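Observations on the model geometry
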Amino acid sequence: FMENIETMLKLTVPDNGWCTKLYSGKLWVYNVPTLDDAYSNSPRIQFEVKRNLEKFDFYLADFENLKKIGGRVIGGVEMTGRTYKSVGMEWTEYLGTLPNGLAIGVKISGVDIGAGSEGGAILDSVTFS
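Anyway, here's the lowdown on the structure attached to this text. (Residues numbered from 1 in each chain as written. Predicted model: local features only at pLDDT ≥ 70, side-chain atom pairs only at ≥ 80, totals over all residues. Heavy atoms only, no water.)

1. Description of the environment of Tyr39
Here Tyr39 shows up in the loop between β3 (26-30) and β4 (44-50). Residues Tyr39 and Val49, spaced 10 residues apart in sequence, show a C-alpha to C-alpha distance of 22 Å. Other than its neighbours up to four places away in sequence, Tyr39 contacts Tyr30 and Arg44. (Helix = DSSP H or I, 4+ residues; strand = E, 2+ residues; numbered from the N terminus. Contact = heavy atoms within 4.5 Å.)

2. Considering the pairing of strand β2 (residues 19-23)
For β2 and β3, the ladder comprises five bridges, and the chain directions are antiparallel. The residue of β3 that forms the bridge with Leu22 is Leu27. Taken together, β2 and the strand that follows it, β3, pair antiparallel across an intervening segment of two residues, in which Ser24 is found at a positive phi of about 50°. (Pairing = 2+ DSSP bridges.)

3. Focus: the sheet that holds strand β8 (residues 103-109)
Overall, antiparallel pairing links the seven strands, which are arranged β2-β3-β4-β8-β7-β6-β5 in an open sheet. Each edge of the sheet is formed by a strand with only one pairing partner; in this case those strands are β2 and β5 (64-74). In this sheet, adjacent strand axes meet at a mean angle of 20° when their direction is disregarded. Of the pairings in the sheet, the one linking strand β7 (residues 89-97) to β8 comprises six bridges and is antiparallel in character. Directly across from Glu93, in β8, lies its bridge partner Lys107. (Axes fitted to C-alpha atoms, helices over the stretch in contact; angles between N-to-C directions.)

4. Quick notes on the side chain of Glu93
Checked against the element boundaries, Glu93 lands in strand β7. A residue is classified by how much of its surface remains accessible, and Glu93, at 2% relative accessible area, is buried. In terms of polar contacts, Glu93 uses its side chain to reach the side chain of Arg82, at 2.7 Å. Apart from the residues lying within four places of it in its own chain, the contact partners of Glu93 are Phe56, Thr80, Gly81, Arg82, Tyr84, Val106 and Lys107. (Buried < 20%, exposed > 50% of the residue type's maximum accessible area, 1.4 Å probe, protein only. Polar contact = N/O pair within 3.5 Å; in protein donor to acceptor, adjacent residues only side chain to side chain.)

Below is the structure:
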């Protein structure tokens, strides 16, 4: 994902109603039929790798209604959780540190990630290497 430190993320996405986009160290998993249907406010799960966890707090002062929530294990990585509103969208975000020392952020907006949901199944399918 970044600066010559290779990070492989694998996941399973349902065949219908979902599409992916990888660009500049970020992976977007949109809950729309095609990328032509994906807009800035489309439901999605977004994966991003940064040098350290503090980098995810760069816009923290701009977050509305910031709340800590229970953590979640994604891809074997223990992550802390928070919710907030930013740029008009409600977000759930999980942050953790990968085995290679980089920080991972998983941001969810407009997608059900509860037990038995497609979004939850996507998060449960994630592996990092």
